[in-house]
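Architecture at a glance
Letter by letter, the chains look like this.
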Amino acid sequence: MGSFGDFEFPQNNALLNIAGGSSNDNPLDPEEFRRQGHMVIDFIADYYKNIEKYPVLSQVEPGYLKKRLPTSAPFYPESIETILGDVQDHIVPGITHWQSPNYFAYFPSSGSIAGFLGEMLATGFNVVGFNWMSSPAATELESIVMDWLGQMLRLPKSFLFSGNGGGVLQGTTCEAILCTLVAARDRTLRIIGNDNIGKLVVYCSDQTHCAFKKAAQIAGINPNNFRVIPTTLSSSFSMCPKALRNTITADVEAGLVPIFLLATVGTTSTTAVDPLGPLCDVAKDYGMWVHVDAAYAGSICICPEFRHFIDGVEGADSFSFNAHKWFFTTLDCCCLWVKDPAALTQSLSTDPEYLKNKATESKQVVDYKDWQLALSRRFRSLKLWLVLRSYGVEKLRGFLRSHVKMAKVFQGFVEADNRFEVVVPRNFANVCFRISPSTVMSSSTKISNGVILGEITNSNDISSPRTKITKMGLVNEVNQKLMESINGSGGIYMTHSVVGGIYLLRFAVGATLTQESHVIEAWNVVKQHAYAILNSIPTTHSQ
């Protein structure tokens with residue numbers, strides 16, 4: 001044997017098959033793949049059968065896995081049986097179970113048998129579909145599926161391949177935003193010159209996803225030219241067209257150039273909906289690109305009764321939603337439509353000699369490498385195709401409607417309990433709620449500066465900043481403790497946000513396995529922990 005450091009390696013290849021590894025030297029041996037594949041499928045099926053036995057939020061401490069696994073990779077092959085045993089013993093405890101029926105955090109990442117199997121097929125083929133030639137089926141299926149889905153959403157024909165637009169599957173909304181922003185940037189710079197990039201201004205609300213700010217940084221937008229339009233609770237945190245116009249007018253008067261507006265349908269914190277029509281009207285007056293981010297709520301708009309939430313989209317330049325959120329198609333799968341594909345390809349295309357081919361030169365095919373940031377791309381359309389075919393439009397609508405119905409059930413529990421309040425109106429399947437200020441106030445009599453809370457409530461000076469901060473701080477602290485207590489129990493998992501200074505809990509229904517019984521039990525958990533928290537509030541509150 002030879003040696004290197006702490007390792008000793010054999011000179012006889014026969015020894016490579018010890019430790020239970022396969023005796024076949026072919027990494028793609030069909031029969032061995034069949035054997036191991038069946039084992040993995042059984043493992044995953046058993047995982048879903050037993051998923052409710054696990055705490056939803058992983059209970060491990062940082063660095064737990066390093067203590068459990070070896071410090072170096074194995075030199076000899078190990079059996080799939082051994083590996084799956086370690087997955088069960090060491091990996092599963094460190095998973096936060098997004099597919100648990102008791103998962104109500106963030107937004108859903110809903111899965112399905114069709115989504116899993118479609119992913120398996122795509123992985124099995126393992127094609128790299130950067131242009132039409134590299135795998136014609138991957139390109140053509142994507143174009144077909146994107147038109148199918150656009151028709152389900154009743155998008156204007158100008159967004160579809162059957163019109164003059166088209167759709168592409170990106171990995172995430174972050175990529176969709178960056179691609180469209182770059183297209184808008186270059187469209188303007190071709191007119192005013194690259195030297196004027198420092199004059200470009202982009203716009204969003206204070207509820208817009210942080211991905212937009214990151215995209216603006218990457219695209220070279222001056223950080224001082226990133227405009228955030230404030231929203232208020234009174235308008236349910238939607239963007240105000242008048243405030244947008246006033247901001248744009250001031251920028252134009254200052255010699256700046258507005259280029260891009262990001263409007264949201266279903267914001268991350270509260271699922272607020274920006275008024276697309278009026279916003280697009282404002283943007284149109286200044287020749288701006290409008291992108292509509294419906295990452296979460298776009299799915300539900302296949303239901304006729306929810307389609308009005310994207311009314312006005314005809315005035316936008318691009319639209320996207322994440323099929324991997326609330327559309328039963330596994331991560332990653334962001335659907336992006338644009339009215340002017342040439343705007344994307346002018347900014348994102350490359351044409352090296354080694355990729356030239358007759359199909360591309362014929363101008364009769366789509367080369368999706370020119371619609372995205374990377375060259376390589378996965379066969380994502382296969383899993384989306386399986387989801388659409390396996391469930392059909394009507395059944396997909398039924399799944400989504402059931403989640404909204406369950407969210408309404410939870411909302412009803414909140415509204416019927418005078419200790420709680422719904423903070424903002426529910427639009428879809430996410431309920432934003434908290435223990436109400438009046439409940440917190442009645443559970444505590446004093447704060448650290450000696451002012452009696454009852455006196456604050458009845459004070460003529462309740463509008464004073466000092467009073468507001470003190471009261472809000474206590475209410476927020478109680479609700480934060482409630483969420484941490486609930487999540488620490490492992491029974492259910494929720495997340496929070498802070499909007500308008502209000503700390504709220506978000507109860508997002510959308511996991512595929514969730515049923516009404518899980519929602520009822522979740523409410524019981526909330527009540528139990530709220531009771532304990534409210535009864536533990538000390539009479540003196542330390543800030």
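Residues numbered from 1 in each chain as written. Predicted model: local features only at pLDDT ≥ 70, side-chain atom pairs only at ≥ 80, totals over all residues. Heavy atoms only, no water.

Here we take up the confidence of the model for the protein. A low pLDDT means the predicted coordinates there should not be read in detail. Of the residues in the protein, 90% have a pLDDT of 70 or more, and the chain-wide mean is 89. Contacts from residues 1–21, a stretch scored under 50 in pLDDT, to residues over four places away or in other chains number 37 contacts. Under a pLDDT of 50 for its full length, residues 446–465 has, in the predicted model, 30 contacts with residues more than four places off or in other chains. (pLDDT = per-residue confidence, 0-100. Contact = heavy atoms within 4.5 Å.)

Quick look at the UniProt feature "modified residue: N6-(pyridoxal phosphate)lysine" (unreviewed entry) in the protein now. Mapped onto this numbering, the UniProt entry gives "modified residue: N6-(pyridoxal phosphate)lysine" (unreviewed entry) at Lys325. Within the secondary structure, lysine 325 is located in helix 10 (residues 323–326). Since its relative accessible area comes to 19%, lysine 325 is described here as buried. Among all residues touching lysine 325, those that are not within four sequence positions of it are Phe107, Pro108, Ser109, Ser110, Ala295 and Tyr296. (UniProt positions renumbered as here; feature names shortened; annotations may be inferred. Helix = DSSP H or I, 4+ residues; strand = E, 2+ residues; numbered from the N terminus. Buried < 20%, exposed > 50% of the residue type's maximum accessible area, 1.4 Å probe, protein only.)

Here we take up the pattern of salt bridges. Under the counting rule described, the total for this entry stands at 20 salt bridges. Between arginine 185 and aspartate 186 there is a salt bridge, and its shortest N-O distance comes to 2.8 Å. No difference in accessibility class separates arginine 185 from aspartate 186, as the two residues are buried. Its salt-bridge partner being aspartate 417, residue arginine 419 comes within 2.8 Å of it at the nearest N-O pair. Overall, the relative accessible area of 12% leaves aspartate 417 in the buried class. What you see here is one network of salt bridges that share partners, running through Glu119, Asp332, Arg378, Arg380 and Lys383. (Salt bridge = Lys/Arg side-chain N within 4 Å of Asp/Glu carboxyl O.)

Our next topic: the packing of aromatic side chains. Tallied over the full model, the rule gives 30 aromatic pairs. On the basis of an interplanar angle of 80° and a centroid distance of 6.1 Å, the ring pair of tyrosine 106 and tyrosine 493 is categorised as edge-to-face. In this pair, tyrosine 106 sits in the loop between helix 3 (80–91) and helix 4 (113–125) while tyrosine 493 sits in the loop between helix 16 (465–489) and strand 13 (495–499), placing the two residues 387 residues apart along the sequence. A relative accessible area of 41% places tyrosine 106 in the partly exposed class. For tyrosine 493, a relative accessible area of 8% translates into the label buried. Taking the centre distance of 3.7 Å and the plane angle of 5° together, the rings of phenylalanine 410 and phenylalanine 507 count as stacked. In this pair, phenylalanine 410 is assigned in helix 13 (residues 381–416) and phenylalanine 507 in strand 14 (residues 502–508), connecting sequence segments 97 residues apart. Residue classification places phenylalanine 410 among the buried positions, given a relative accessible area of 0%. In this structure an aromatic cluster arises from ring pairing among Phe104, Phe410, Phe413, Phe420, Phe433, Phe507 and Trp523. Stacked on the ring of phenylalanine 107, the Lys or Arg arginine 506 has its end atom at 4.9 Å from the ring centre. (Phe/Tyr/Trp six-rings, centres within 6.5 Å; stacked < 30°, edge-to-face > 60°. Lys NZ or Arg CZ within 6 Å of the ring centre and 35° of its normal.)

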